[in-house]
Amino acid sequence: MKKIEEIVNYINKEFDQPIDIAMILGSGLATLTEEFEVIKEISYIDIPHFKASEVVGHASKLVFAKHNNKNILFFKGRFHYYEGYEIDEVVLPVRVVAQLKVKNLIVTNACGGVADFLNPGDLMLINDHIGLFCPSPLRGKNYDNFGTRFPDMSQAYDKNLQTLALTCAKDLSIDLKQGVYAYFKGPMYETPAEIRAYKALGSDAVGMSTVPEVIVAHHAGIKVLGISLITNKAAGLGGNLNHQEVIEVAGQSEVKFKKLVKEIIERI
């Protein structure tokens with residue numbers, strides 16, 4: 001808790017206004033902030049207990065922006081378990097969001113498509129997740145001021161925000177798919193056999209982030225909306241996998257992604 005309090009105190013000194021929406025930007029999606037009135041940027045390395053992400057496509061900046069009289073906090077880059085961070089470090093930004101009393105969190109990621117109906121360039125609304133292989137970010141002492149010891153995860157993704165996102169997509173003529181996101185520790189991509197197993201378990205897409213963040217956000221009573229950008233077919237379903245392809249497809253799809261998120265933020 002001491003780390004969290006020190007970070008929150010630092011942020012409050014830099015930006016002393018209530019924050020309405022927080023958003024975590026996945027690989028290749030950092031340019032989204034260009035659509036908003038940026039008030040201030042802070043490098044992660046200047047924030048107590050934060051470090052710069054070493055992953056290409058993650059800018060490692062905290063961005064404060066305004067849009068339609070709403071204050072938005074963007075995390076341009078996230079901490080991944082595969083980078084060597086402990087799971088409590090991975091979810092530290094979300095703990096900060098909770099301590100800042102932010103009510104709405106939008107999480108995004110670039111991931112691989114498992115379901116037959118998903119293709120590179122598609123946007124997928126996350127309606128549930130499979131986190132069986134995710135180290136529990138709630139392990140250890142429970143922070144009662146955040147949430148209960150045994151949180152119910154049956155509605156980790158807020159139904160009202162999902163309905164809003166689908167409505168916005170329809171109004172913008174954007175084909176927003178829906179599906180289940182499954183977590184994989186990484187950093188290696190999954191094997192074809194692992195993808196077949198994930199598919200049998202009911203996953204539609206697979207990636208190396210998001211799930212621990214959502215667990216902690218839901219534990220703290222934050223309303224969560226999750227959107228995935230499908231950048232490739234998962235192992236065994238397409239060609240060879242590489243991170244450069246992820247970045248390229250994210251760049252190609254950013255226009256519709258920006259339009260959708262901007263519309264959602266306007267209507268929240």
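Along each chain, the written sequence defines residue order, and numbers are assigned to residues from 1. Local features are withheld for residues below a pLDDT of 70 in this predicted model, meaning they are given only at 70 or higher, and side-chain atom pairs are given and counted only at 80 or more; totals for whole chains, interfaces and linings count all residues. Values reported for side chains reflect all heavy atoms of the structure, with hydrogen atoms and water molecules removed beforehand.

**Describing the packing of helix 1 (residues 2-14) against helix 3 (residues 92-99)**
- Running from N to C, helix 1 and helix 3 point in directions that differ by 65°, and their axes come no closer than 9 Å. Judged by the sense of rotation from one axis to the other, the crossing of helix 1 with helix 3 is right-handed. In this structure, helix 1 contributes Ile4, Ile7, Val8 and Ile11 to the contact, and helix 3 contributes Leu92, Arg95, Val96 and Gln99.
- Of the residues assigned to the contact of helix 1 with helix 3, the class counts are six nonpolar, one polar and one charged. The axes are straight lines fitted to the C-alpha atoms, using for helices just the contacting stretch, and the angles between their N-to-C directions are given from 0 to 180°. In this text, helices come from DSSP runs of H or I with a minimum length of four residues, and strands from runs of E with a minimum of two, each type numbered from the N-terminal end. What makes a crossing left-handed is the near helix being turned counterclockwise from the far one by less than a right angle; a clockwise turn instead makes it right-handed. Residue contacts follow a heavy-atom distance rule, with two residues in contact if any of their heavy atoms lie within 4.5 Å. The classification used treats Ala, Val, Leu, Ile, Met, Phe, Trp, Tyr, Cys and Pro as nonpolar, Asp, Glu, Lys and Arg as charged, and all other residues, Gly among them, as polar.

**Remarks on the UniProt feature "binding site: a purine D-ribonucleoside" (unreviewed entry) in the protein chain**
- Mapped onto this numbering, the UniProt entry annotates "binding site: a purine D-ribonucleoside" (unreviewed entry) at Glu190 and Asn232. Spatial clustering of the annotated residues is evident: they stretch over 43 residues in sequence, but the largest pairwise C-alpha distance comes to 12.5 Å.
- Mapped onto the elements of the fold, Glu190 is located in the loop between strand 7 (176-183) and helix 5 (192-201).
- Here Asn232 shows up in strand 9 (residues 223-233). UniProt positions are given in the numbering used here, feature names are shortened, and annotations may be inferred rather than shown by experiment.

**What about empty space enclosed by the protein?**
- Points on a 1 Å grid over protein atoms alone make up a cavity when a 1.4 Å probe fits among them but cannot get out, and a pocket when they form an open set with protein on both sides within 12 Å along at least five of seven lines; lining residues each have an atom within 4 Å of a point. Grid points are joined across faces, edges and corners, and a volume is the space filled by probe spheres set on the points. One pass over the full model with this rule turns up two cavities of 30 Å³ or more.
- What the largest cavity holds in volume is close to 40 Å³.
- Residue lining of the largest cavity: Phe79, His80, Tyr81, Val90, Tyr183, Met208, Ser209, Thr210, Pro212 and Glu213, and that is the complete set.
- Looking at side-chain class alone, the lining of the largest cavity contains six nonpolar, three polar and one charged residues.
- As a volume, the second largest cavity reaches approximately 30 Å³.
- The wall of the second largest cavity is formed by Ile24, Phe75, Gly77, Arg78, Phe79, Val90, Pro93 and Glu213.
- By residue class, the composition of the lining of the second largest cavity is five nonpolar, one polar and two charged.

**Topic: the UniProt feature "binding site: phosphate" (unreviewed entry) in the protein chain**
- Listed under "binding site: phosphate" (unreviewed entry) in the UniProt record, and renumbered for this structure, are Ser27, His58, Arg78, Phe79, His80, Ala110 and Ser209. Of the annotated set, the members that line the largest cavity are Phe79, His80 and Ser209.
- Buried, partly exposed and exposed residues are distinguished by accessible area as a fraction of the type maximum, computed with a 1.4 Å probe on protein chains only: under 20%, between the cut-offs, and over 50%, respectively. Residue Phe79 is classed as buried on the basis of its relative accessible area, which comes to 4%.
- Note that Ala110 resides in strand 5 (residues 104-113).

**Digging into unusual backbone geometry**
- In this structure, Pro187 follows Gly186 across a cis peptide bond, with omega equal to 5°.
- Topologically, Pro187 is positioned in the loop between strand 7 and helix 5.
- If you check the backbone angles, Ser173 has positive phi at about 60° while not being a glycine.
- With respect to the helices and strands, Ser173 occurs in the loop between helix 4 (159-171) and strand 7.
- In this structure Ser173 comes out as exposed when scored by relative accessible area, which is 69%.

**Details of the pairing of strand 9**
- Taking burial as the measure, the 11 residues of strand 9 include 10 buried ones, the bulk of the element.
- We treat two strands as partners when DSSP finds at least two bridges between them. One ladder, built from 10 bridges, connects strand 5 with strand 9; its direction is parallel. When the bridges of strand 9 are listed, Asn109 appears paired with Ser228.

**Here we look at the nonpolar core**
- Phe50, Leu62, Phe64, Leu73, Phe75, Leu100 and Leu105 are the most contacted members of the largest nonpolar core, which has 51 residues in total.
- Once residues within four sequence positions are removed from consideration, Leu105 is found in contact with Ala22, Met23, Ile24, Val94, Ala217, Ile222, Lys223, Val224 and Leu225.
- Side-chain atoms within 4.5 Å link the members of a nonpolar core, which is a set of buried Ala, Val, Leu, Ile, Met, Phe, Trp, Tyr and Cys residues. Ranked by size, the runner-up nonpolar core spans 28 residues in total, among them Ile21, Met23, Leu29 and Ala65.

**Focus on the pairing of strand 1 (residues 21-25)**
- Among the five residues of strand 1, five are classified as buried, and the element is accordingly described as predominantly covered.
- Burial along strand 1 is two-sided: the residues Ile21, Met23 and Leu25 and Ala22 and Ile24 are all buried.
- Examined bridge by bridge, strand 1 and strand 5 share four bridges and lie parallel to one another. Within strand 5, the residue paired with Ala22 across the bridge is Leu105.

**Quick word on the pattern of salt bridges**
- Each reported salt bridge corresponds to a side-chain nitrogen of Lys or Arg within 4 Å of a carboxyl oxygen of Asp or Glu. Enumeration according to the criterion identifies 10 salt bridges in this entry.
- With its nearest N and O atoms 3.9 Å apart, the salt bridge here joins Glu34 to Lys258. With a gap of 224 residues between them, Glu34 in the loop between strand 1 and strand 2 (37-43) and Lys258 in helix 7 (residues 243-267) connect regions that are remote in the sequence.
- Judged by its relative accessible area of 59%, Glu34 falls in the exposed class.
- Its salt-bridge partner being Lys177, residue Asp122 comes within 3.1 Å of it at the nearest N-O pair. One end of the pair, Asp122, is in the loop between strand 5 and strand 6 (123-130); the other, Lys177, is in strand 7, and 55 residues separate them in sequence.
- One connected set of salt bridges, linked through shared partners, spans Asp122, Asp175 and Lys177.

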